Amino acid sequence: MKKINHIINGAEVATTSGRTSPVYNPATGETTAEVGLATVEEVDRAVAAAHAAFPEWQATSLARRTTIMYRFRDLVDQHKDEIAAQLTAEHGKVISDSLGEVKRGIENIEYACGLTEHLKGSFSQEVSTDIDVYSIRQPLGVVAGITPFNFPSMVPMWMFPNAIATGNTFVLKPSEKDPSVNSIVAELLSEAGLPDGVFNIVQGDKVAVDRLLEHPDVAAISFVGSTPIARYVYMTGTGAGKRVQALGGAKNHMVVLPDADIGLAADAAVSAGYGSAGERCMAISVVVAVGSSADPLVEAIEERIPGLVVGAGNDSASQMGPLITGEHRDRVASFVENASGEGATVVVDGTDQDFQGDGFFLAPSLIDNVSPGMACYDQEIFGPVLTVVRVDTYDEALKLISDNAFGNGTAIFTRDGGAARRFQIDVDAGMVGINVPVPVPVGYYSFGGWGDSLFGNSHAYGPEGISFYTKAKVITSRWPDPSSSVIDLGFPQNV
Ligand code: NAD
């Protein structure tokens, strides 16, 4: 059985905890590897390696750091097929989704390649006689990333390229469900010339997370995962005096106005709802059908579902793969099974479809006449289930979104520019799509939701990522002109 180990100071380290977690191929249900779960001492070793590497790394020239980031970017691009195959093997998503994940990760490395620009300070000359004021940004030290299963390569890349480029050293605690891909990434970083100890991986669970949250040498924590854990990480990490950004779960609404192109909206709902088996934090989960759009929209989505090919991610014919585990598949199915008892209408029941073998497959479901108070509306399902809430007016659609605890992404489909403009201003969510169902910001903006979708005030990656991983220093400097008749101020003269 393959063992997935830590990477500390450039070397593989096996756990001594005796605790392991199974890693599956979700398309077959087979256990393909075991990941060793860290002890507190192993986390301490990774943090110590990062701590020891920090002084030299932060003193490394911007030119050298830039060269390494460019090389790393090219290596990830050259190895994208290998990385994508590994993603599909442990996560289950189809190869085109895996390649898309790698591409979105590369965007963040490209942004980090601009570190010379990002780290430029500002300068104000002669704010008072002989006095200049300027600012610089400096790295924090050791920072840690704790990441979810659904984007096992991209989400770490939301974090470590910007963190490392700005002079920090990094400890990654990936999801224990599909951790292997990050070992490939660590090798590529090393091949790009990154010194040992700058990027470390500890495999683990709550034990590892808790140690990172309390470790005195960890200056900051970036977390992405479900809302209850995000809240816990934020409260515990900030309680220990750390800088924390903690991105949580989602329930993304897509509003369809009566004037929308129904075909376009249905295509968008299907790809954004069922793509990657709905295991995306920016997946559309609730379609909000306004007025007369409802009947044709539900019909158009229903018509498209049988055309969706569900199968193993490494089969090029598949458009949707399995879910991450059998347990998660059963939880997702339970929302569909209980929906009619709560008064909703199950239009397409994916739980009816049987699949050969032991893979964690679940076909797409469509549930109509859903309303707040039903479990399938109130909870994050994180699977291939689209729910439809019917409302009479735009204002009701807006209120529905505002009243929802999550505020990650949202979208509107309309042909009316004025309505779209009003929506982008009025709606309570951090990321908004206009005729775009999954508005994940490009790497040079920042990613973050509102409400229960984000704890802390810093979004991930882009400009806010650079700001999160650096601390500002402002210098007020007086150098009296030696030729002037200024009285002796007790400062050294600049001669
Ligand atoms: P999760 O919260 O179960 O796990 C995330 C990380 O936290 C993992 O590394 C895990 O090992 C760790 N963890 C789990 N339980 C813990 C505990 N009790 N104490 C300490 N650490 C713990 O999330 P997941 O199931 O891996 O990922 C899916 C979730 O992530 C969904 O809710 C999804 O919406 C969310 N997500 C959000 C974003 C975003 O940008 N907002 C992006 C991707 C995923």
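The structure displayed is predicted, hence computed values, not measured ones.

Thresholds applied
- Residues numbered from 1 in each chain as written.
- Predicted model: local features only at pLDDT ≥ 70, side-chain atom pairs only at ≥ 80, totals over all residues.
- Heavy atoms only, no water.
- Near = heavy atom within 4 Å.
- Polar contact = N/O pair within 3.5 Å; in protein donor to acceptor, adjacent residues only side chain to side chain.
- Areas by Shrake-Rupley, 256 points an atom, 1.4 Å probe, with all protein chains shown as cover.
- Helix = DSSP H or I, 4+ residues; strand = E, 2+ residues; numbered from the N terminus.
- Nonpolar A, V, L, I, M, F, W, Y, C, P; charged D, E, K, R; others polar.
- Domains from an automatic or database assignment.
- Buried < 20%, exposed > 50% of the residue type's maximum accessible area, 1.4 Å probe, protein only.
- Contact = heavy atoms within 4.5 Å.
- Buried area = accessible area lost by both parts, 1.4 Å probe.
- Salt bridge = Lys/Arg side-chain N within 4 Å of Asp/Glu carboxyl O.
- Pairing = 2+ DSSP bridges.
- Axes fitted to C-alpha atoms, helices over the stretch in contact; angles between N-to-C directions.

Below, the discussion takes up the site of the ligand. In the neighbourhood of the ligand, 26 residues make up the surrounding shell, with Lys173, Glu176, Ser226, Gly248 and Glu380 lying closest. The side chain of Lys173 places a nitrogen or oxygen atom 2.7 Å from an oxygen atom of the ligand. Backbone polar atom of Gly225 to an oxygen atom of the ligand: 3.3 Å apart, as the coordinates give it. Considered on its own, the ligand offers 840 Å² of accessible surface; in the complex 88% of this is hidden by protein. Of all the elements in the fold, those that place two or more residues in the shell around the ligand are helix H8 (206-214) and strand S11 (218-224). Residues belonging to the shell around the ligand are distributed by class as follows: 14 nonpolar, eight polar and four charged. Three or more residues apiece are contributed to the shell around the ligand by two domains, here domain 1 (2-248 + 453-475) and domain 2 (252-434).

Here we take up the side chain of His253. Assignment of secondary structure puts His253 in strand S13 (residues 252-256). Among the residues examined, His253 registers a relative accessible area of 1% and is labelled buried. If near-sequence neighbours (up to four positions away) are discounted, His253 is found in contact with Ile284, Val286, Val288, Tyr377, Leu400, Ile401, Asn404, Gly409, Thr410 and Ala411.

When its domains are assigned, the protein chain resolves into domain 1 (2-248 + 453-475) and domain 2 (252-434). Put simply, the middle of domain 1 and the middle of domain 2, counted by C-alpha atoms, are 31 Å apart. Facing 20 residues of domain 1, the contacting portion of domain 2 comprises 24 residues. Across the domain 1 to domain 2 interface the summed buried area is about 1800 Å²; carbon plus sulfur atoms make up 63%. Where domain 1 touches domain 2, the interface holds one salt bridge.

This paragraph deals with the pattern of salt bridges. A full pass over the atoms with the stated rule returns 23 salt bridges. In this structure, Arg73 engages Asp74 in a salt bridge whose closest nitrogen and oxygen atoms are separated by 3.3 Å. Assessed through its relative accessible area of 38%, Asp74 is described here as partly exposed. According to the relative accessible area criterion, Arg73 is buried, its value standing at 19%.

What follows is about the sheet that holds strand S20 (residues 431-434). Read from one edge of the open sheet, seven strands run S15-S16-S17-S14-S13-S19-S20, paired in mixed fashion. If you trace the sheet from one side to the other, it starts and ends with strand S15 (345-348) and S20, each paired once. Taking the axes of each pair of neighbouring strands and ignoring which way they run, one obtains an average angle of 20° across the sheet. For S13 and strand S14 (residues 284-290), the ladder comprises five bridges, and the chain directions are parallel. When the sheet's bridge partners are listed, His253 is paired in S14 with Val286. On the sheet, helix H15 (residues 417-426) packs against S13, strand S19 (409-413) and S20 and is oriented at approximately 165° with respect to S19.

We now examine the sheet that holds strand S6 (residues 122-128). Sheets are built from strands that pair by backbone hydrogen bonding, the pairs being arranged parallel or antiparallel. The three strands are arranged S6-S7-S23 in an open sheet whose pairing can be described as antiparallel. Only two strands of the sheet have a single neighbouring strand rather than two, namely S6 and strand S23 (470-478). Here the average twist between neighbouring strands, direction ignored, is 25°. Relative to S23, strand S7 (residues 131-139) is paired through nine bridges, and the arrangement is antiparallel. When the bridges of S23 are listed, Ser135 appears paired with Val474.

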